[in-house]
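# Report on the structure
Chain by chain, the residues:
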Amino acid sequence: MANKTISFTLVLSGLSDLPSLQFPLFLVFLLVYLMTLTGNLLIVLLIFTDSHLQTPMYFFLGTLACLDIGYSSVTMPRMLFDFHIQKRFISIQACITQIFFFLLFAMSEIALLAVMSYDRYVAICCPLLYTQIMHWKACVLLVLGVLMVSVVYSLVHVLLLLKLIFCSLNPLQSFFCDLPQLLLVSCSDTFINVLLILILVIFLGGGIFALTFCPYIIILNTIMKMSKAMRSKAFSTCSSHLTIVFIFYGTCLFSYFHPNAKDNSAVDKVSSVCYTILTPLVNPLIYSLRNKEMKMSLKRAFCRL
């Protein structure tokens, strides 16, 4: 049984089967991938080299940029390669490996967004204690905690996947190995896997969701008591983060919970593209265009050239 699992291969349906669209789509997504890498690497470089940006908020932003690079790199290179072949075969080992890293980076990004909400809460609601609470050791420990939780979360899913046998000839209706799609092509009993997904979504996902949005209730209440000038500055520091949160959660929730989520439709693939490919591209654009300090840092960098 183990040999059957190891030697078996799956097929990815990809974004399109039309030969005339393969090369144009390849060029479009290659450009998107290069822009994603360039934008996020630029964010990391600015934060690393500009002393004005070496604060906890930008430390978390730099970490988010690194996660976006990994998040997009899990799916994009394979998708670009598949545009050049007709049969998109992928081994079980490669598929499960892709799922591990995809879950790792996705969970890390979700958890980091919650940490960034806490950072904004401390900065706005407890400004006098900010440097004492959000010192560098605390920031590093928070990021390490995010990564540890994400690794454990991914490993739990992967260890259960390794016990399954895959014997379905139906292709995965996606351009990458997605956990729900992989369970659909298993001939083993996936009750435990599905139950684990539901439990983790309810408790872990619900907890992170609450930690992300609950601080903004207190932040909003505090902002409304500020003067106009201070209120404008506080809104500007939160707007970029909230925009990214809504984009990430909105596209993920639509992809997995829209009314036709179980149908093999083009809508599923389009929504998958939104949260796996476009979100890492949009994040650096949001922070560079909506953040005054980031724009000033970018100007200083160009002046030094």
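Residues numbered from 1 in each chain as written. Predicted model: local features only at pLDDT ≥ 70, side-chain atom pairs only at ≥ 80, totals over all residues. Heavy atoms only, no water.

Named according to an unreviewed UniProt entry, the protein is Olfactory receptor originating from Hymenochirus boettgeri. As its UniProt record puts it under Subcellular location (unreviewed entry), the protein is described as follows: "Cell membrane". Regarding the protein, the relevant UniProt record gives this comment under Sequence similarities (unreviewed entry): "Belongs to the G-protein coupled receptor 1 family." (UniProt positions renumbered as here; feature names shortened; annotations may be inferred.)

### Things to note about helix α2 (residues 19-49)
The end-to-end C-alpha distance of α2 is 45 Å, a good match for the 45 Å that 31 residues give at a rise of 1.5 Å each. For α2, the full list of buried residues reads Q22, F26, F29, V32, Y33, T36, G39, N40, I43, L46 and I47. (Helix = DSSP H or I, 4+ residues; strand = E, 2+ residues; numbered from the N terminus. Expected span 1.5 Å × (residues − 1). Buried < 20%, exposed > 50% of the residue type's maximum accessible area, 1.4 Å probe, protein only.)

### Re the packing of aromatic side chains
This model, assessed by the stated rule, comprises 15 aromatic pairs. Where F213 meets Y249, the ring centres are 5.8 Å apart and the plane angle is 65°; that geometry is what we call edge-to-face. You can see F213 sitting in helix α8 (residues 191-223) and its partner Y249 sitting in helix α9 (residues 228-257), a full 36 residues away along the chain. One exposure class covers both F213 and Y249, and it is buried. Counting every residue linked through ring pairs, the aromatic cluster contains Y71, F102, F175, F176, F248 and Y275. (Phe/Tyr/Trp six-rings, centres within 6.5 Å; stacked < 30°, edge-to-face > 60°.)

### Some words on the state of the cysteines
Following the criterion strictly, the structure yields 1 disulfide and no others. Cysteine C125 remains unbridged, with the sulfur of C126 as its closest cysteine sulfur at 6.0 Å. C125 gets classed as partly exposed once you look at its relative accessible area, which sits at 21%. (Disulfide = S-S within 2.5 Å.)

### Considering the pattern of salt bridges
A full pass over the atoms with the stated rule returns 3 salt bridges. For R78, the salt bridge identified is with D82, shortest N-O distance 3.1 Å. With R78 and D82 both in helix α3 (residues 56-82) and 4 residues apart, the pair spans about one turn of that helix. We note a salt bridge from D119 to R120, for which the minimum N-O separation is 2.8 Å. In this structure, D119 and R120 share a single accessibility class: buried. (Salt bridge = Lys/Arg side-chain N within 4 Å of Asp/Glu carboxyl O.)

### So, the UniProt feature "transmembrane region" (unreviewed entry) in the protein
In the UniProt entry, the feature "transmembrane region" (unreviewed entry) is given for residues 26-48, 57-76, 96-118, 139-166, 191-219, 240-258 and 270-289. Between the C-alpha atoms that bound residues 26-48 the distance is 33 Å, and the span itself is 100% helix and 0% strand. The distance from the first to the last C-alpha atom of residues 96-118 is 33 Å, and the span holds 100% helix and 0% strand.

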